[in-house]
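# Architecture at a glance
For reference, the chains in residue letters:
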Amino acid sequence: MSTTTLEGASALLEQIGAGPIPSIPKAAAHPLARPVDIYRLYLAQILAKAAGCDAALAYDSVQVPGTAANGDLVLPVPRLRLPKGVKPAEKAAEIAAAFPDADVLFKKVVAAGIHLPFFFNPRPLPRFILPYIFQRKNTYGDDLEVGLRDPTNPDMGRKTVVIDFSSPNIAKEFHAGHLRSTIIGAYIANLYKNMGWDVVKLNYLGDWGKQFGLLAVGWKRYGDEEELKREPLKHLLDVYARINRDFKPEEEARDAAAKAGKETAEIETKGLFAERNAFFRKMEERDPEAIGLWQRFRDISIERYIQTYARLNISFDEYSGESTVQSSSIEEAEKILKEKGIYEAHNGAWAIHFDQHGAKGLGTAIIRGRDGSTTYLLRDVAGVLERERKYNFDKMIYVVSSEQDQYFRRVFKTLELMGRKDLADKLIHINFGKVEGMSSRLGNVKLLGDILDNSREAMHEVMRRNEVKYSQVENPDAVAEAVGIAAVMVQDMSGKRINNYPFDMDRMTAFEGDTGPYLQYCHARLNSILRKSDITREELVNHFIDHPSSLDGDIDSDKPHGADLLRLMAQYPDVTAMALKNHEPSTILTYLFRLAHQLSSCYDVIQVKGTDASREVTLARAALYEGARQVLENGMRLLGLSPVDRM
Ligand SMILES: NC(=[NH2+])NCCC[C@H](N)C(=O)O
C-alpha cells in the first residue's frame, strides 16, 4: 500500500478505521505532502456537521498551534464567521458537545474559551505516520504536489526563483557578511528546490572596478606566479593589501585636498592614481592584455572558490559578477531613466533624487560617476533586466546583509521609476544582522577556507578531550570537518536572521546546548540504535509498510513519549511550508531542537536493545527511531549540514 497516491493514503486510513480521505474540493490541502492535512480534512468533515458550517470554511479555520501543549490542531471559533449574536465561547462548547466521544483519529475535545484544541489519538499515529515517512524517505517534508499534480507533465506549475548569494569580492576579504549570505542563501536555495521550484543559484562576484586596476599595478610589483598557483586567493589578497599600503599616502593627499576645497585633478593624474586608472581604462576598452590578466585572476579565484564551497555542499549554477553585466543593458536602463525624466545631471555625474520621486528616506544616489564610470547601483539595475530575459524568473532573492537595506530599496525603487513595478515586485531582499568579533576571535582570517579550517580544528580539539570515544572514531578528520561546519552553521541559523550575534567558538563547538555538535550527536546516536540492533534499515522499512498494525504495541496514553515524538514528526512538512513563507532558517532549526529534546526523553523509556520485548515490539521501537532519524536527517540536509553516522 503506497501512501504516495491519494488512493493509497486513503486505503491506509481506511485500514485504521477512519474511512477514506474526505474530499473537500475548495480546501487548499496538500494531503500527499503533509500528513497533518489529512487529519485536517478529516476534522473539517466532523466540524462541518458539529458546527453546521461549510467544510471548506472549517478546513481553513483550523490552525496548527505554536506549541504542542495547545493541541495538534486548534480552531479559534470566531474564524467560523458566526452570525451576529452568537457568542464564540458558547458556540465552542456546543461544538465540543456534538463532537464524537470515541473518534478514531482525535481525542474528545474540551473547549478552552473560544478555542477548540484538538489532540491526535496516539494509537493510530505510528500506523499512519511511519509508513508515510518511510515511503518518502529523503523527500518527507518536501512539497511533492507540484510534480504529482499531473504525472504526464511534471513541470506543470513549476516556478523559477533566482537566488543571488555569497557574492564575495575578488582580491578582498571574505567577511562575516559573506559567510552569512552563503549559509542562509544555500539554505533558501535548498528549501525552494524541495518545495518544487526551479532554482538558479547565482554568485554575483565583485569583480569589476578601479580596484582591479590597482591590483594589476600591484601584480607588477609583488606578483609571484608560483604563489598564485599554490594559494591564489591568499596571494591576490596579499598583493592587493601591499599595493593598497603603497597607495594610501596618495589617497590621503587627495582626500585632504578635496576637504580643503582644492582641485584634486593634479594628484589623480600622477603616481599610482594614474597607473591604476590607466589600467582600468584599458580593461573598460577591452584591451586584450589587460582583460587577459584580469580574467586569469578571476578564473583562478573561481576555481578555488568552487573547491571551498564544496566543503559546504554548495555549488552555483552561474558565477556572474559586476563585470558580466552587458553595457547594452546598462544603456537600456539609462535610456529609460532619461526618457522618464528620472535621471538628472548632478555635478557632472548622473543621479536620481529619490526624495523627489515619492521615496522619502532614499536620498540622492549617483548612478554614473563624474568620470563616466558605472556604479554598483547601475550595474545591479541593469542586471535585473538581463536576468529577467535570461531566466524569466517568477521571483528573485538577494541574500545580503542589512547594511545594504537602503541600497536594495534604491535598486527596487529605480525599477519602479522606470515603469517596471511588475518586475520590482518580484524582487526580495533577504537581509541579516552582523556577526560580532569573528575576525578578532579567529585571528587574522580573511578567507572562507580559513574560517572552516579554524572551526574544524577547534572541533577536533573538543573531540580529543573524550579519549575513549575519540579512539573509536574511524575518520576523525572527516568527522571534525562535518561537525565543525555544523557548529558554524547552527550558530548562524539559531536566531532570527536580523539579529546580530557574537562569534563564540567555545559555545558553538560544545556538545551541550542547542548547538551543531549536539544535533550531529543526536543523529549519530539514532544511527547507532539501528546499527546495534540486528535489524537492517531495509528490513525495518519494508516490514512496516507491509504490516503497519504491528506498530501499535508500544504507543499508549500512559507512555506519551513515543506518541509525542510522532506528533512532532507529523508536523515537519508544516514546518517547511512555514519556513518557505518567512525565509527564516531558525524555523527549521527550532523544530529540529524540539525533535532532539523529545528524542532524549524517549531513550530511557523506549529501548530497542537488551529488553525482553517480543521481536514485533522491538521492530516497532526501532521503526520509531528510524522515522525520527529520517526527519532529523531531512531537516539537517535542508539547512545544509552533512549528518554524520558516527562520532
Ligand atoms: N546583486 C548584488 N548586489 N549582490 C550582492 C553583492 C555583494 C557585494 N559583492 C558585497 O560584497 O557587498
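Note: the structure precedes this text.
This section reports on the structure supplied with the text. (Residues numbered from 1 in each chain as written. Predicted model: local features only at pLDDT ≥ 70, side-chain atom pairs only at ≥ 80, totals over all residues. Heavy atoms only, no water.)

## With respect to the pairing of strand β1 (residues 73-76)
- Here β1 shows a buried face lined by Leu73 and Leu75 and a second buried face lined by Val74 and Pro76.
- Sheet topology note: the β1/strand β2 (residues 115-118) ladder contains four bridges and is antiparallel. In the strand pairing of β2, Val74 is matched with Pro117. (Buried < 20%, exposed > 50% of the residue type's maximum accessible area, 1.4 Å probe, protein only. Helix = DSSP H or I, 4+ residues; strand = E, 2+ residues; numbered from the N terminus. Pairing = 2+ DSSP bridges.)

## Points about the sheet that holds strand β7 (residues 349-353)
- With respect to topology, three strands assemble into an open sheet ordered β6-β7-β8, the strand pairing being antiparallel. Unpaired on one side and paired on the other, β6 (344-346) and β8 (364-368) mark the two borders of the sheet. The mean angle between the axes of side-by-side strands here comes to 50°, regardless of whether they run parallel or antiparallel.
- Where β7 meets β8, four bridges bridge the pair, whose relative direction is antiparallel. Bridging from a neighbouring strand, Ile352 pairs with Ala365 of β8. (Axes fitted to C-alpha atoms, helices over the stretch in contact; angles between N-to-C directions.)

## Considering the site of the ligand
- Around the ligand sit Asp164, Ser167, Asn169, His178, Tyr204, Tyr376, Asp380, Tyr398, Val400, Gln404 and Phe408, and those are all the residues in its vicinity.
- At 2.8 Å from a nitrogen atom of the ligand is found a side-chain nitrogen or oxygen belonging to Asp164.
- In the model, a nitrogen atom of the ligand is placed 2.8 Å from a nitrogen or oxygen of the Tyr376 side chain.
- Protein contact buries 91% of the 350 Å² of open area that the ligand shows by itself.
- Of the residues assigned to the shell around the ligand, the class counts are five nonpolar, four polar and two charged. (Near = heavy atom within 4 Å. Polar contact = N/O pair within 3.5 Å; in protein donor to acceptor, adjacent residues only side chain to side chain. Areas by Shrake-Rupley, 256 points an atom, 1.4 Å probe, with all protein chains shown as cover. Nonpolar A, V, L, I, M, F, W, Y, C, P; charged D, E, K, R; others polar.)

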